Amino acid sequence: MAAQAILKSQYEANKGPATIGDLSETLKRNGEQGIPEHLKVCDEDLSTLESGIHEDSEPRGQYQVPVIDFSLLQTDRLALVQMLGDAARSWGCCQIVNHGISVQSMQQLTAEGYKYFELPLERKQQSRSYVGDNTTFKLSSLHWAESWTIYGKGSWEDLDAEVLSAWPEGNDSLRIIAAKFFQDLEELTKQLFELYAEDLGVGSDFYSKHVDSSELMVRWNHYPACPNPWSILGAKTHTDFNLITFLLQDQVGGLQVERDGSWFGIQPIEGSLIINFADGFHVWTNGTYKTAVHRVLVNTRKPRFSFTAFWFANNALDYIAPDELVDANHPRLYKPMNAGEHKQKTVEKRSKVDMSNQREYSKVLRGTDMLNQWRIHS
Ligand SMILES: O=C(O)CCC(=O)C(=O)O
Ligand SMILES: [Fe+2]
């Protein structure tokens, strides 16, 4: 049987290949021919994968996604509010530095989590949330990656259970550092939501008062070096369907965001936090802030690691943009979008889509169809 057929039948039988590493070995032997259809970069993306981009990070001068110094909060709040707002409107994304969360604790958090990927496969597979081969996990926006997920905030239960399943002997440093990070991120998120409210001219706690009832899901990701960078993306082009996402990437880089049909790399900066607006916030601002369309390139030589923190609004919340954001020139764009329903529908759609149908699959990942379901058509 040809390599592709073997892989395909393995996928269909749902028994492997067990890891991206296995798949990588198969692809090294079989070249482009071995790539399963649903892993292939769609034509739309193919034309925008610039040469050489996967081998090294982009040169510094070409990075355009705003990097915002959060310490302006102390010296020039107005300027900070304006920068945050501008970035959210035009990019749906920015990077913040000097955000107040200790860089050292973030480095520890990522490094401790990334050790997870070095554990024996059998151990990792004991975790409820381990995904060794994201290509078979249809719900995921990741493709060439393995990942480990924990539900954070408030409860220690999931954190404890997950940490213990990976390290039965315990791993207090990860447990403590993660719990502290969840708390710090919650504070920062509230602060940011107030600044965004200020930019939008709505009541200062309009968004921030919902942080307490929101949920946090965090994920460590490992994208192994990939022998076929021209045909495979680490994460295909997608939007996040939650409220807002915070990201940390290592120095390898590869995260890109789309603006007006062009792709821009996000500069790796140690200790920074990348903010990606997701579908929820987009609707909640009557479309004022973009939902970031993003993707991840793979690297031929270096593995890449990232850490993502997804805020999900409480399932009961209806995203309704405040009246201040609606006027004759800005008619209301969306019906009240229920957070739980949007999540459920998106998950369902992503898990049912025929992944070998490029057009359909990429539409579902981009979230366009899903958001359109809530759109008011005038
Ligand atoms: O790894 C990254 O930088 C991005 C991952 C991502 O976009 C996601 O998990 O939704
Ligand atoms: Fe994403």
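Residues numbered from 1 in each chain as written. Chains lettered and ligands numbered in written order. Predicted model: local features only at pLDDT ≥ 70, side-chain atom pairs only at ≥ 80, totals over all residues.

**Digging into the UniProt feature "domain: Fe2OG dioxygenase" (unreviewed entry) in the protein**
In the numbering used here, UniProt assigns the feature "domain: Fe2OG dioxygenase" (unreviewed entry) to residues 214-314. Annotated as 6% helix and 48% strand, the span residues 214-314 places its first and last C-alpha atoms 5 Å apart. (UniProt positions renumbered as here; feature names shortened; annotations may be inferred. Helix = DSSP H or I, 4+ residues; strand = E, 2+ residues; numbered from the N terminus.)

**Things to note about the site of ligand 1**
Contacts to ligand 1 come from Ser141, Leu142, Asn221, Ala235, Asp240, Leu247, Gln249, Leu255, His294, Val296, Ser306 and Thr308. If you list the elements that add at least two residues to the shell around ligand 1, you get strand E6 (244-249), strand E10 (294-297) and strand E11 (304-312). Counted by class, the shell around ligand 1 contains five nonpolar, six polar and one charged residues. (Near = placed C-beta within 6 Å. Nonpolar A, V, L, I, M, F, W, Y, C, P; charged D, E, K, R; others polar.)

**Looking at the sheet that holds strand E7 (residues 255-259)**
Read from one edge to the other, the open sheet built from four strands follows the order E5-E10-E7-E8, with strand pairing classed as antiparallel. Of all the strands in the sheet, the pair left with one neighbour each is strand E5 (233-238) and strand E8 (262-265). On average, each strand axis in the sheet is inclined to that of its neighbour by 30°, with strand direction left out of account. Looking at chain direction, E5 and E10 are connected through three bridges and run antiparallel. (Pairing = 2+ DSSP bridges. Axes fitted to C-alpha atoms, helices over the stretch in contact; angles between N-to-C directions.)

**Focus: the packing of helix H8 (residues 157-166) against helix H9 (residues 172-200)**
Put simply, H8 and H9 touch, their axes get as near as 10 Å, and they point 150° apart. Here H9 runs roughly antiparallel to H8, going by the angle between their axes. Crossing of H8 over H9 shows right-handed handedness. Taken together, the residues of H9 that come into contact with H8 (itself represented by Leu159, Asp160 and Val163) are Leu174, Arg175, Ala178 and Ala179. Of the residues contributing to the contact of H8 with H9, the split by class is five nonpolar, no polar and two charged. (Parallel < 35°, antiparallel > 145°, perpendicular 65-115°, else oblique. Left-handed = near helix turned anticlockwise from the far one by under 90°. Contact = placed C-beta atoms within 7 Å.)

**A closer look at helix H5 (residues 77-90)**
In a regular helix each residue adds 1.5 Å, so 14 residues correspond to 20 Å; H5 covers 20 Å between its end C-alpha atoms and thus fits that length. Listed as buried for H5 are Leu80, Met83, Leu84, Ala87 and Ala88. Projected onto a plane normal to the axis of H5, the buried residues spread over an arc of 125° and lie on a single side. Along its buried surface, H5 packs onto strand E1 (67-69), helix H4 (72-75), strand E2 (93-97), H9 and strand E9 (273-277). Immediately beyond the C-terminal end of H5, within one or two residues, lies Gly92, with a positive phi of roughly 70°. (Expected span 1.5 Å × (residues − 1). Buried ≥ 20, exposed ≤ 12 C-beta atoms within 10 Å, placed from the backbone. Arc of directions from axis to C-beta.)

**Quick notes on the environment of Ser71**
With respect to the helices and strands, Ser71 occurs in the loop between E1 and H4. C-beta crowding within 10 Å serves as the criterion here: with 14 such atoms nearby, Ser71 is assigned to the partly exposed category. Sequence separation between Ser71 and Asn98 is 27 residues, and the spatial gap between their C-alpha atoms is 5.6 Å.

**Re the sheet that holds E1**
The seven strands are arranged E1-E2-E9-E6-E11-E4-E3 in an open sheet whose pairing can be described as mixed. Edge positions in the sheet fall to E1 and strand E3 (146-152), since each has one partner strand and no second. Neighbour to neighbour, the strand axes of the sheet diverge by 25° on average, direction disregarded. Bridging between E3 and strand E4 (residues 215-223) involves seven bridges; their strand directions are antiparallel. In the strand pairing of E4, Gly152 is matched with Leu216.

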